[in-house]
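Coordinate analysis (summary)
Chain residues, written in single-letter form:
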Amino acid sequence: MLPVDLPDAVRDALLAPLVDHHCHGVRRDDLSRAQFELLIGESRTPAPPGTTHFDTPLGAAIRRWCAPVLDLEPHVAPAVYLGRRQELGAGEVNRRLLQASGVVAFLVDTGLEAPDLLSAAEMGRHGGAAADEIVRLEQVEQDIADTAAVAVDYMDSLGEELVARAARAVGLKSIIAYRCGLDFDPSRPSRGSVIAAANRRLSDPRERLVDPILLRHLLWTAVDVARDRALPIQFHTGYGDADLDMSRADPAQMTGFIRALQPLGIPVVLLHCYPFHRQAAYLASVFPHVYVDVGLTLTHTAAGSARILDELLELVPFHKQLFSSDCYGLAEGCHLGAVYFRLGMAGALGRRVESGSGARQTPPASPTWRARATPAASTGFDRSRRPVPADFRGDAPAPARAPGAAARSPETPGRRSADRRTRIRTAGRSSRRRRGSTAGRRRPGTARPPPRWPHAATVPAPRAPAPADPPPAPRRRSARPRVARPPA
Ligand SMILES: [Zn+2]
């Protein structure tokens with residue numbers, strides 16, 4: 001179904017399995033039309049009376065590309081599409097769409113985990129793929145702020161918790177763009193300023209962290225961890241929801257910080273980037289440790305995404321362009337991200353070949369996007385284990401679906417949160433013990449559990465069919481009302 005006459009080498013590269021290096025969980029439950037429409041687009045608000053969010057590039061793309069995966073004709077009416085979704089059930093819909101994407105591994109930002117979203121392990125199981133975790137820094141900080149008693153406790157626990165979480169993850173992620181913007185002071189804040197800011201923070205820890213000093217402290221603490229564990233740090237930049245001040249989300253505004261990380265060799269991955277994807281391409285071209293994608297831009301601009309990918313390819317070194325779907329809530333986002341990535345790249349590369357500026361024998365672009373989602377996650381991936389579904393290639397018959405990948409652990413969102421609380425309590429106790437202090441309000445906990453996630457993801461071997469979806473575990477985290485956060 002690739003639309004242009006491509007050289008075999010280019011076609012093979014585009015049809016190879018993808019690593020989705022930034023995504024979120026999708027909803028495990030059957031959705032009403034109102035619920036479904038809220039997940040189309042970034043506004044998170046209902047469409048004005050008399051209109052529908054299906055009347056958008058993304059809505060049209062769902063009807064065009066996702067309907068056939070559910071055995072419907074392209075462009076069916078929204079009501080027909082949603083009716084079929086209900087008929088199949090959320091589990092089957094998720095399995096079909098995730099597997100149709102040809103994604104070989106999901107790297108899941110777990111900062112938005114909730115009982116109604118599939119966990120990272122469940123994303124892998126439904127998608128017949130590997131799955132690993134990307135740790136969202138601000139979510140770790142919130143957990144620490146909820147439990148720390150004094151500023152020194154806060155600082156010690158933050159470092160210890162990041163080390164513990166990083167041990168089971170393949171990358172870290174910052175949404176500092178949402179909190180204070182990317183034009184932050186790139187220097188590491190002084191210990192005195194952090195203690196003073198932490199004391200202010202702990203006076204009202206339930207507030208969202210927006211203090212630039214603490215956000216910089218969090219980032220530099222993460223830098224220390226990333227350097228020790230050879231992990232990349234992802235940054236939300238550009239396109240996001242209405243919670244974002246777009247004028248402060250241009251990745252070029254964090255050039256000073258990028259420059260400061262260069263001697264440390266920590267990979268910086270710029271996510272989304274649109275409409276600053278040309279700035280991002282520039283940064284990737286001049287800094288050896290910077291990588292980029294356009295993420296959810298592919299899904300939301302849909303038919304217009306080819307032009308954006310073409311603009312990214314104006315300057316970005318080919319081996320530094322990554323793929324992500326940034327799907328959140330709807331498995332449609334994953335499938336569409338993969339569809340438009342392949343279509344857009346086919347068009348851009350095809351034009352380069354046709355004009356004589358791209359080679360016919362070898363892909364003009366490196367196949368890096370297929371299996372090197374992040375530099376740290378690349379080592380364990382097999383590049384050829386799982387083929388792209390035949391229905392995308394346009395040749396029949398479609399292969400039998402890959403067997404569901406077994407979860408690496410039977411964890412559920414509730415279980416994960418409970419384990420996290422235990423780790424935080426344990427970390428706080430150890431730091432107080434070193435200082436001989438008994439201050440703090442943490443309760444006794446058990447020993448830190450052993451790591452459950454390998455450092456680098458590996459593609460699972462063929463497995464027995466996946467068991468039925470486990471029921472969502474009750475969320476046992478804090479009694480604090482959960483504030484909806486953007487799927488940055
Ligand atoms: Zn995201």
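Quick caveat, the model's predicted, so the values are computed rather than measured. (Residues numbered from 1 in each chain as written. Predicted model: local features only at pLDDT ≥ 70, side-chain atom pairs only at ≥ 80, totals over all residues.)

Describing the overall build of the chain
Here is the rule: Numbered from the N terminus, helices here are DSSP runs of H or I no shorter than four residues, and strands are runs of E no shorter than two. Between the buried cut of 20 or more and the exposed cut of 12 or fewer other C-beta atoms within 10 Å of a residue's own C-beta lies the partly exposed class, and all C-beta atoms are placed from the backbone. The contact criterion used is a C-beta to C-beta distance within 7 Å, with each C-beta placed from the backbone.
The secondary structure content of the chain amounts to 19 helices and seven strands. Burial statistics for the chain: of 488 residues in total, 51% are counted as buried. Put simply, 77% of the contacts in the chain that link residues at least 6 apart link residues at least 24 apart.

Remarks on the environment of Arg248
Residue position: Arg248 is located in the loop between strand 5 (233-237) and helix 12 (255-261). Taking the number of C-beta atoms within 10 Å as the measure of exposure, Arg248 has 17 and is therefore partly exposed. On a C-alpha basis, the gap between Arg248 and Phe184 in space is 9.5 Å, while along the polypeptide they are 64 residues apart. When neighbours within four sequence positions are excluded, Arg248 is seen to be in contact with Ala177, Gly181, Leu182, Asp183 and Gln253.

Some details on the pairing of strand 4 (residues 171-174)
Along a regular strand, successive side chains alternate from one face of the sheet to the other. Operational definition: Think of it this way: DSSP has to see at least two bridges between two strands before they count as a pair.
Alternating positions in strand 4 separate into two faces, Gly171 and Lys173 on one and Leu172 and Ser174 on the other, with burial throughout. In terms of strand pairing, strand 3 (residues 130-136) meets strand 4 through three bridges, oriented parallel. What sits directly across from Arg136, in strand 4, is Lys173. Both strand 4 and strand 5 contribute to a ladder of three bridges, which runs parallel. If you follow Leu172 over to strand 5, its bridge partner there is Ile233.

Focus: unusual backbone geometry
Note the cis peptide between Tyr274 and Pro275, where omega equals 0 degrees. A positive phi is found at Asp71, a non-glycine position, where the angle reads about 70 degrees. Structurally, Asp71 can be placed in the loop between helix 3 (57-66) and helix 4 (78-88). Residue classification places Asp71 among the exposed positions, given that 10 C-beta atoms sit within 10 Å. Phi at Asp326 is positive, roughly 55 degrees, even though this residue is not glycine. Positionally, Asp326 belongs in the loop between helix 15 (305-312) and helix 16 (331-354).

Quick look at the nonpolar core
For clarity, the cut-off: We call a set of buried Ala, Val, Leu, Ile, Met, Phe, Trp, Tyr and Cys residues a nonpolar core when their C-beta atoms link them within 7 Å.
Phe106, Leu270 and Val292 are the most contacted members of the largest nonpolar core, which totals 127 residues. If sequence neighbours within four positions are ignored, Phe106 has contacts with Asp20, Cys23, Ala120, Met123, Gly124, Gly127, Ala129 and Ala131.

Focus on the packing of helix 3 against helix 16
Let me state the cut-off plainly: Angles here are taken between N-to-C directions and fall from 0 to 180 degrees, while the axes themselves are lines fitted to C-alpha atoms, restricted in helices to the stretch in contact. Roughly parallel refers to an angle under 35 degrees, roughly antiparallel to one over 145, roughly perpendicular to one between 65 and 115, and oblique to any angle outside these ranges. Only Asp, Glu, Lys and Arg are considered charged in this grouping, and only Ala, Val, Leu, Ile, Met, Phe, Trp, Tyr, Cys and Pro are considered nonpolar; every other residue, Gly among them, is considered polar.
Between helix 3 and helix 16, whose axes approach to 10 Å, the crossing angle comes to 80 degrees. As far as their axial angle goes, helix 16 and helix 3 are roughly perpendicular. Two secondary-structure elements touch here, helix 3 through Ala61, Ile62, Trp65 and Cys66 and helix 16 through Glu332, His335, Leu336 and Val339. By residue class, the composition of the contact of helix 3 with helix 16 is six nonpolar, one polar and one charged.

Remarks on the pairing of strand 5
Definition in use: Looking down the strands as they point away from the viewer, one classifies a crossover as right-handed if the path from the first strand across the helix to the second runs clockwise.
Across the five residues that make up strand 5, a large majority, five, are buried. Where burial is concerned, the two faces of strand 5 agree: the one with Ile233, Phe235 and Thr237 and the one with Gln234 and His236 are both buried. Here five bridges tie strand 5 to strand 6 (residues 268-272), and the two strands are oriented parallel to one another. Residue pairing for strand 6: His236 is matched across the bridge by Leu271. Of the crossover connections in this fold, the one passing from strand 5 over helix 12 to the parallel strand 6 is right-handed.

Side note on the confidence of the model for the chain
Defined as follows: Confidence scores per residue from the predictor, reported as pLDDT, run from 0 to 100.
Scored by pLDDT, the chain comes out at a mean of 79, with 73% of its residues at no less than 70. Segment residues 362-487: pLDDT under 50, and 243 contacts once partners within four positions in sequence are set aside and those in other chains are kept.

Some points on the environment of Asp204
Relative to the assigned elements, Asp204 resides in the loop between helix 10 (191-202) and helix 11 (212-229). Between the alpha carbons of Asp204 and Asp146 there is a distance of 9.2 Å; along the sequence they are 58 residues apart.

Some words on the sheet that holds strand 7 (residues 290-292)
Strand order in the open sheet formed by seven strands is 1-2-3-4-5-6-7, with parallel pairing between adjacent strands. Since the sheet does not close on itself, it has two edges, and those belong to strand 1 (18-23) and strand 7, each with one partner. Averaged over neighbouring strand pairs, the angle between their axes works out to 25 degrees when direction is ignored. By the bridge criterion, three bridges tie strand 6 to strand 7 in an arrangement that is parallel. Along strand 7, the bridge assignment pairs Leu270 with Val292.

Observations concerning helix 7 (residues 137-147)
Of all eleven residues in helix 7, nine are buried; the element is thus mostly enclosed. Listed as buried for helix 7 are Leu137, Glu138, Val140, Glu141, Gln142, Asp143, Ile144, Ala145 and Thr147.

Structural notes on the environment of Val140
Within the secondary structure, Val140 sits in helix 7. Distance from Val140 to Gly111, taken between C-alpha atoms, is 8.2 Å for residues 29 residues apart in sequence.

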